[in-house]
Amino acid sequence: MEKNDCYIGLELGSSSIKLVAGFVLNDQINILNTIEEECSGMENGLIVDQDQIIKTIKSVISNASKSLNLNIDEVCLCLPPYSLLCLADIGSTNTIGGDDIIKRIDISNILTAMKKRSLADNDLKIVDIVPDVYMLDNNDRYAIAPIGKTSKVLSLHASIYAMSEKVINQFVGCVKKANVNVKYTVIAPYAASLYLSTNKVIPNSYILVDIGHSLTTVAQISHETNVINSTIIKFGGHDITKAIAERFNISFDEAEELKQNYGIDHDLNFNTYILNDIKLNDLADVITKKLDVLIEQVDKTIKEFCTNNEQYPVVLTGGTSNLNNIKNYMSDALDLDVVDYPLLTIGARKFELINTLGLIKYWAIQPVINEDEVVTTTVSRVNQKPTRGYKFDEEL
């Protein structure tokens, strides 16, 4: 296995650390290896025990390296969208080749320079610049990088994602202390949307609801991968399992097994016992009552996102989206379509791996710069376009 042929995605989750290794061919993600190891170093999506996180990262990297016969020394890292700010801006730069032909270095230049801009809020840091539309001198527009086209000036409409610098440093710092370089950082909703964009069943615009172990992320997605809004709700599958354990006075492991095996299911005979004196309907009632707490918050969030009463379908991801009958229940409760879609990626058909699968796609679409090319350019702001009332500093 050649190193350049393999991309590594890493996600530090609330209950485990996940690694996916793979490549992209014909716009399809192909998986070489997936590794997931339990880790108790996180609480509510944030790192509380660095030593435990670092230890588990080292273990995951070591196991993947042995399996692939590859020295893994850099990863694409998924970040939880804490304090996420979604912005829009336009930048412009002169092409540097002398022949006015746009090269990969020009694409890299404008993205790198825009990412280095300062924000008015010093607590936030730009995580990523995602191109929306490239523009040339003749006003031609391209959704993908216009490599080989001719233009003295290259302009870019881009989506800009910024979040808490403290959280970024916390996550990146743990990976680096595990002796692994972080080549790219990607916010979780964008990573998920990248993967979902490879599935023809997924609509262009939707509400992403990622129900994880202890947190749920709700994000508004447009044009397949454009993250418009995002928020985090402190609720996850762990809360459902805990409610089952407390209601029936059973162990957490027994409660988790009942949740996984039966989910929201109803017995037409009303007398089937599934464990001790627990009936199928009783289990469903506990799960749905707990889910109603989440659904109320999701519904409120969607209404805040969609101020003009737009109705978008919902796409569920995360481990809890495996729960039996959850799509039908949430569709009825929210009065919105919940998309039923297959997981097509061989070797990684798990809803909880969607974010890490998106990291593989992200790495694959980044511009590759030759070593003899040098980044020497500046970017000027053109017609600044802040969104949702947030503004960049005027100085570049």
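Residues numbered from 1 in each chain as written. Predicted model: local features only at pLDDT ≥ 70, side-chain atom pairs only at ≥ 80, totals over all residues. Heavy atoms only, no water.

Section: the sheet that holds strand β14 (residues 226–233)
Strands sit in the order β14-β13-β12-β17 across an open sheet of four strands; the sheet is mixed. Only two strands of the sheet have a single partner each, and these edge strands are β14 and β17 (314–317). Between one strand axis and the next, the sheet turns through 20 degrees on average, direction left out of account. Relative to strand β13 (residues 216–222), strand β12 (residues 206–211) is paired through six bridges, and the arrangement is antiparallel. Its bridge partner being in β13, Val209 is matched across the sheet by Val218. (Pairing = 2+ DSSP bridges. Helix = DSSP H or I, 4+ residues; strand = E, 2+ residues; numbered from the N terminus. Axes fitted to C-alpha atoms, helices over the stretch in contact; angles between N-to-C directions.)

Things to note about unusual backbone geometry
Even without being a glycine, Asp27 presents a positive backbone phi close to 65 degrees. Mapped onto the elements, Asp27 comes out in the loop between β2 (16–25) and β3 (28–38). The exposure class of Asp27 is partly exposed, given its relative accessible area of 42%. The residue Asp100 is not glycine, and still its phi comes out positive at about 65 degrees. Relative to the elements of secondary structure, Asp100 occurs in the loop between β7 (85–94) and α2 (104–115). (Buried < 20%, exposed > 50% of the residue type's maximum accessible area, 1.4 Å probe, protein only.)

Quick notes on the pairing of strand β1 (residues 7–12)
The element β1 is largely enclosed, with a buried count of six among its six residues. The side-chain alternation of β1 yields two buried faces, one formed by Tyr7, Gly9 and Glu11 and the other by Ile8, Leu10 and Leu12. By the bridge criterion, six bridges tie β1 to β2 in an arrangement that is antiparallel. If you follow Ile8 over to β2, its bridge partner there is Ala21.

What about the packing of helix α4 (residues 188–196) against helix α9 (residues 354–364)?
Interhelical geometry of α4 versus α9 gives an angle of 75 degrees and a closest axis separation of 7 Å. Taken together, the axis directions place α4 and α9 in an arrangement best described as roughly perpendicular. Between α4, through Ala188, Tyr190, Ala191, Ala192, Leu194, Tyr195 and Leu196, and α9, the contact on the second element is made entirely by Ile354, Asn355, Leu357, Gly358, Leu359, Lys361 and Tyr362. Its residues placed into classes, the contact of α4 with α9 shows eleven nonpolar, two polar and one charged. (Parallel < 35°, antiparallel > 145°, perpendicular 65-115°, else oblique. Contact = heavy atoms within 4.5 Å. Nonpolar A, V, L, I, M, F, W, Y, C, P; charged D, E, K, R; others polar.)

Examining α4
Within α4, nine of the nine residues are buried, which leaves the element mostly enclosed by the surrounding structure. When α4 is considered as a whole, its buried residues turn out to be Ala188, Pro189, Tyr190, Ala191, Ala192, Ser193, Leu194, Tyr195 and Leu196.

With respect to the pattern of salt bridges
Side-chain pairs of opposite charge can arise where the charged atoms are in close proximity. Throughout the structure, instances matching the rule amount to five salt bridges. Between Lys103 and Asp99 there is a salt bridge, with its nearest N and O atoms 3.0 Å apart. A salt bridge links Lys259 to Glu256; the shortest N-O distance between them is 3.3 Å. Of this pair, Lys259 and Glu256 are both found in helix α6 (residues 252–262), three residues apart, which corresponds to roughly one turn of the helix. For Lys259, a relative accessible area of 7% puts it in the buried group. (Salt bridge = Lys/Arg side-chain N within 4 Å of Asp/Glu carboxyl O.)

Examining the nonpolar core
Ranked by internal contacts, the top residues of the largest apolar core, which has 75 residues, are Leu10, Leu12 and Ile57. Apart from the residues lying within four places of it in its own chain, the contact partners of Leu10 are Ile17, Lys18, Leu19, Ile57, Val60, Val75, Cys76, Leu77, Cys78, Val175, Thr356 and Leu359. (Core = buried A, V, L, I, M, F, W, Y, C linked by side-chain atoms within 4.5 Å.)

A few points about the sheet that holds β1
Taken in spatial order, the five strands of this open sheet run β3-β2-β1-β6-β11, and their pairing is mixed. On the outer flanks of this sheet lie β3 and β11 (181–187), each paired with one strand and no other. Ignoring which end each strand starts from, the neighbouring axes of this sheet average 25 degrees apart. Its contacts with the sheet put helix α1 (residues 50–68) on β1, β2, β3 and β6 (74–79), and the angle it makes with β3 is roughly 135 degrees. Running at roughly 85 degrees to β11, α4 makes contact with β3, β6 and β11 of the sheet.

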